[in-house]
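Inside the fold
Below, each chain spelled out in residue letters.
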Amino acid sequence: IISPSGVTTSMRIAQEEVFGPVMTIFTYRDEQDLLRQVNCCPFALGSSIYSRNVEQALCLSRQVNAGMCNINDFGINYLCQSLPFGGMKDSGYDRFAGPEGLRGCCHVKSVTIDRFRWIGTTIPRPLAYPIAENGWAFFQELVALFYGSGLLSKVDNVRNLTLMTILRKWKPRAVGGGWI
């Protein structure tokens, strides 16, 4: 038995995944210090938070990096077979039980289909292999068109994109409307 004031995050018991009737108790200055100590462990299967203030415990549970968290209890989540069971970090990322566990037994596949079949999707010439000299400038103009602001800037982006598509070596003086 180690005194609660003697347990630190550098101790072996605080850095390993301990299975058994063991409870480590840390002292802490404030919530930030508590979270720093809890989250520095490379393992993160489950956690328990004991508090008279359930709202505060719930807030802390959202900041604890662990696959499961019990408030004012220990391991009840294992008995609730409809809940996903699993960890984070070196404790693993997969789950069993619950819908998430069933998804682990599935082979997921994404399938897309053009909504507007009459519009073909092609790779713009400056980005097609082999990449043109103005390929990077074309990409920057494209980003500026979608994420930039101002109508005149967008008109300038469209003009530059058009010229770069037609004239493979042409580059605008200020790429991306000057913001990239």
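Structure first, text after, so check above.
Residues numbered from 1 in each chain as written. Predicted model: local features only at pLDDT ≥ 70, side-chain atom pairs only at ≥ 80, totals over all residues. Heavy atoms only, no water.

**Points about the pattern of salt bridges**
The test is simple: Here, a salt bridge means any side-chain nitrogen of Lys or Arg that lies within 4 Å of a carboxyl oxygen of Asp or Glu. Throughout this description, buried means an accessible area under 20% of the type-specific maximum (1.4 Å probe, protein chains only), exposed means over 50%, and partly exposed covers the range between.
The full count for this structure, using the stated rule, is four salt bridges. One salt bridge connects arginine 12 with glutamate 16, and the closest N-O pair in it is separated by 2.9 Å. The exposure class of arginine 12 is exposed, given its relative accessible area of 65%. Residue classification places glutamate 16 among the partly exposed residues on the basis of a relative accessible area of 38%. One continuous salt-bridge network, built from bridges that share partners, spans Arg29, Asp33 and Arg36.

**Quick look at the nonpolar core**
Counted only if it meets this: For this analysis, a nonpolar core means a set of buried residues of the types Ala, Val, Leu, Ile, Met, Phe, Trp, Tyr and Cys, connected via side-chain atoms within 4.5 Å. Starting at the N terminus, helices and strands are each numbered in turn, a helix being any DSSP run of H or I of at least four residues and a strand any DSSP run of E of at least two.
Judged by nonpolar contacts, Leu34, Leu35, Ala44, Ile49, Ala57, Leu60, Val64 and Ala66 together constitute the single largest core of eight residues. Only helix 2 (31-39) and helix 3 (54-61) provide two or more residues apiece to this core. The next biggest cluster of nonpolar side chains, apart from the first, holds five residues, and it includes Phe138, Leu145, Leu161 and Met164.

**Observations regarding the side chain of asparagine 160**
Definition in use: Whenever a nitrogen or oxygen atom comes within 3.5 Å of another N or O atom, the pair is scored as a polar contact, on the condition that within protein one atom can donate a hydrogen and the other can accept it, and that pairs from neighbouring residues in sequence are kept only if both atoms are in side chains. Throughout, a contact is declared for two residues whenever any of their heavy atoms are within 4.5 Å.
Mapped onto the elements of the fold, asparagine 160 is located in helix 7 (residues 151-166). Reaching out from asparagine 160, the side chain makes a polar contact with the side chain of glutamate 141 at a distance of 3.4 Å. In contact with asparagine 160, other than residues within four places in its own chain, are Glu141, Trp170 and Pro172.

**What about unusual backbone geometry?**
With omega at -5°, the peptide bond leading from tyrosine 129 into proline 130 counts as cis. When you line up the elements, proline 130 lands in the loop between helix 5 (98-103) and helix 6 (135-147). Not every positive phi belongs to a glycine, and asparagine 72 is a case in point at roughly 55°. Inspection of the secondary structure assignment puts asparagine 72 in the loop between strand 3 (68-71) and helix 4 (76-79).

**Observations regarding a nonpolar patch on the surface**
How we decide: Patch members must show over 30% relative accessible area and no salt bridge, and they are joined within 9 Å when carrying like charges or within 5 Å when they are nonpolar side chains of Val, Leu, Ile, Met, Phe, Trp or Tyr. Here the Shrake-Rupley method, with its probe set to 1.4 Å, supplies the accessible areas, and only the displayed protein chains count as covering residues.
Taken together, the side chains of Met23, Ile25, Tyr50 and Phe74 make up a nonpolar region of the molecular surface, amounting to roughly 510 Å² of accessible area. Along the polypeptide, methionine 23 turns up in the loop between helix 1 (12-15) and helix 2.

**Side note on the packing of aromatic side chains**
Threshold: The aromatic pairing rule takes the rings of Phe, Tyr and Trp, using the six-membered ring of Trp, and pairs them if the centres are within 6.5 Å, calling planes under 30 degrees apart stacked, those over 60 edge-to-face and the rest tilted.
Inspection of every chain in the model, using the stated rule, returns one aromatic pair. Between tryptophan 136 and phenylalanine 139 the ring centres are 5.5 Å apart and the planes differ by 25°, which places this aromatic pair in the stacked class. Here the residue tryptophan 136 and the residue phenylalanine 139 both occupy positions in helix 6, the gap between them amounting to three residues, near one helical turn. Taking relative accessible area as the criterion, tryptophan 136 reaches 57% and is therefore assigned exposed.

**Focus: the packing of helix 6 against helix 7**
To be explicit about the condition: Every angle, taken between N-to-C directions, lies between 0 and 180 degrees, and every axis is a line fitted to C-alpha atoms, over only the stretch in contact when it is a helix. What sets the label is the angle itself: under 35 degrees gives roughly parallel, over 145 gives roughly antiparallel, 65 to 115 gives roughly perpendicular, and the rest give oblique. Should the near helix be turned anticlockwise from the far one by less than a right angle, the crossing is termed left-handed; should it be turned clockwise, right-handed. Only Asp, Glu, Lys and Arg are considered charged, only Ala, Val, Leu, Ile, Met, Phe, Trp, Tyr, Cys and Pro nonpolar, and every remaining residue, Gly among them, polar.
At a minimum axis separation of 9 Å, helix 6 and helix 7 run at an interaxial angle of 150°. Of the possible angle classes, the one that applies to helix 6 and helix 7 is roughly antiparallel. In this structure, helix 6 meets helix 7 at a crossing whose hand is left-handed. Contacts between helix 6 and helix 7 involve Ala137, Phe138, Glu141, Leu142, Ala144, Leu145 and Phe146 from the former and Lys154, Asn157, Val158, Asn160, Leu161, Met164 and Thr165 from the latter. Its residues placed into classes, the contact of helix 6 with helix 7 shows nine nonpolar, three polar and two charged.

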